[in-house]
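Each chain, written out:
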Amino acid sequence: MRILFVTSEIHPLIKTGGLADVSGSLPAALKALGADVRILVPGYPGVLRRLGNAEEIARLPEGRLLYSTMPDSGVPVMAIDHPPFFWREGNPYLDDRGSDWWDNPARFGLLSRTAAHLASSDSPIDWNPDIVHCNDWQSGLAPAFMKFRGSAAKTVMTIHNIAFQGNFSPEWVEKVGLPAESYTMHGAEFHGHFSFLKAGLFYSDAITTVSPSYAREIQTSAMGCGMEGLLFSRSRDVRGILNGIDLEEWNPAADRHLPAHYDASSLDAKLEVKRELQRSMGLDQEDHAPLFGVVSRLTYQKGLDLVAECAQGLFDQGAQLVVLGSGDHEFERIFLQLSESHPGRCSARIGFDEGLSHRIMAGADIFLMPSRFEPCGLNQMYGMHYGTPPVVRTTGGLADSVSDGATGFSFGAANSHELYLAANRALSAYRQGDSFRKIQRNGMESDFGWGKSAREYLDLYESLTGR
Ligand code: ADP
Ligand code: GLC
């Protein structure tokens with residue numbers, strides 16, 4: 001089974017969120033099951049620097065195709081080296097001011113078109129995929145290009161977040177090289193826009209999303225972001241496969257970012273990470289103060305305004321809060337202000353910091369993730385795996401991975417009162433000690449690895465190709 005895995009970000013080369021984690025770990029899990037997987041990614045500066053020894057394997061109509069292997073997993077990776085589009089430092093989607101790059105349709109049109117080219121009979125390389133696995137809108141046009149080129153490979157479109165759709169002005173249809181006939185309701189047109197995601201959902205052979213609950217939710221008008229009708233009409237082709245986590249990258253017993261290591265049988269050593277976290281973040285050095293942690297993109301999706309609203313109530317009970325995140329300036333301001341007004345109790349770091357994200361996951365006592373919607377979510381799984389039970393809202397992958405009272409604490413309605421009640425249940429368990437230890441151990445002993453889910457992807461590929 002040859003699989004071309006197309007993605008716009010991949011850990012440890014370039015990362016803005018969970019898509020990078022999945023792109024770094026799912027192909028490796030597929031490889032371990034015997035699949036012949038290659039990754040296709042844009043050649044951003046960070047990618048080319050980290051791949052170092054990449055060799056040119058083909059000239060493309062635009063740019064060149066470089067080949068290398070992933071640093072840890074050894075999975076083959078191909079990067080599109082086209083400087084006018086991809087040699088831009090920083091965030092892969094945004095310019096310095098935080099706006100989308102004006103030519104994103106051209107940039108990710110090229111990613112999609114190259115994937116289709118590699119799956120066609122005039123591919124410039126002698127490796128033809130049976131499956132092209134697309135991820136989010138950035139590769140959404142690949143199934144459309146493949147349909148119009150008559151490619152024999154089958155396509156899977158995975159939705160990591162349906163709120164990001166890649167909708168652009170219709171003038172881009174021909175600019176990216178799709179025939180005008182693709183711009184219809186039965187094609188890439190979406191409410192007067194040219195939609196990369198809609199194209200992917202319409203032209204792909206199968207659609208997956210990253211948890212079974214989210215697969216159901218996006219087929220409703222409340223959560224489908226306008227795509228529910230199409231998804232509902234293709235229900236039989238839609239399935240939810242829960243993400244796994246990379247158990248080597250995220251392992252509290254050997255994590256290179258931690259000052260001390262522990263496992264389910266040596267949880268006392270977790271306190272050393274907490275002390276170091278409190279010290280480095282300027283929090284009061286109190287072993288017994290329950291420490292809440294947040295690591296997140298700061299967007300409306302993540303429900304962090306609810307955290308800000310109930311923070312005072314938590315501080316009044318002696319709790320502390322550490323926040324790492326970046327995103328909407330309004331949320332950044334709220335958390336910076338909160339830490340200024342509560343020195344020693346609250347500390348916020350604005351930015352992207354991988355090491356600190358691991359130290360919060362390990363050093364905090366309780367992880368907060370009150371998302372309004374959450375396709376899968378990886379942080380709650382990292383939290384459980386690190387003995388840091390999460391408080392989550394029952395939605396999407398949070399509902400599918402956290403068991404209330406057994407591995408974490410869940411609440412229903414998206415308001416700060418409900419969050420506060422759930423956080424208080426976590427606090428009482430924390431104070432009781434034994435029951436908290438049990439919840440920590442349950443999480444640490446649960447299996448969040450890729451084994452089962454990677455097998456489900458392989459089953460899907462096999463059912464599409466008839467192998
Ligand atoms: P999403 O993809 O919606 O952002 P996930 O929970 O699936 O949410 O994945 C988020 C990933 O990004 C996790 O690996 C998390 O640790 C990481 N992350 C988010 N914000 C930051 C940050 N500011 N610094 C470091 N890592 C971050
Ligand atoms: C998206 C979602 C997140 C999911 C991640 C990886 O960013 O917001 O819930 O875990 O993709 O699939």
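Residues numbered from 1 in each chain as written. Chains lettered and ligands numbered in written order. Predicted model: local features only at pLDDT ≥ 70, side-chain atom pairs only at ≥ 80, totals over all residues. Heavy atoms only, no water.

Turning next to unusual backbone geometry. Excluding glycine, most residues fall at negative phi; most peptide bonds, likewise, are trans. The step from histidine 11 to proline 12 runs through a cis peptide bond, and the omega angle for that step is 5 degrees. The residue proline 12 is located in the loop between β1 (2-6) and α1 (18-32) in this model. With a phi close to 60 degrees, aspartate 136 is a non-glycine residue in the positive phi region. For aspartate 136, the location among the structural elements is in the loop between β6 (131-135) and α5 (142-149). With relative accessibility at 7%, the residue aspartate 136 sits in the buried group. Positive phi, close to 50 degrees, is recorded for cysteine 225, a residue that is not glycine. (Helix = DSSP H or I, 4+ residues; strand = E, 2+ residues; numbered from the N terminus. Buried < 20%, exposed > 50% of the residue type's maximum accessible area, 1.4 Å probe, protein only.)

What the domain assignment reports for the protein chain is domain 1 (2-244 + 451-465) and domain 2 (267-444). Placing a centre on the C-alpha atoms of domain 1 and another on those of domain 2 gives a separation of 32 Å. Listed per partner, the contact involves 20 residues of domain 1 and 17 residues of domain 2. Of the roughly 1300 Å² buried at the junction of domain 1 and domain 2 (both faces included), carbon and sulfur atoms supply 61%. The tally of links between domain 1 and domain 2 comes to zero salt bridges. The interface formed by domain 1 and domain 2 includes six residue pairs in polar contact (both at pLDDT 80 or more). Secondary-structure elements contributing two or more residues to the side of domain 1 that touches domain 2 are α1 and α8 (212-217). For the side of domain 1 that touches domain 2, the class distribution of residues is eight nonpolar, nine polar and three charged. (Domains from an automatic or database assignment. Contact = heavy atoms within 4.5 Å. Buried area = accessible area lost by both parts, 1.4 Å probe. Salt bridge = Lys/Arg side-chain N within 4 Å of Asp/Glu carboxyl O. Polar contact = N/O pair within 3.5 Å; in protein donor to acceptor, adjacent residues only side chain to side chain. Nonpolar A, V, L, I, M, F, W, Y, C, P; charged D, E, K, R; others polar.)

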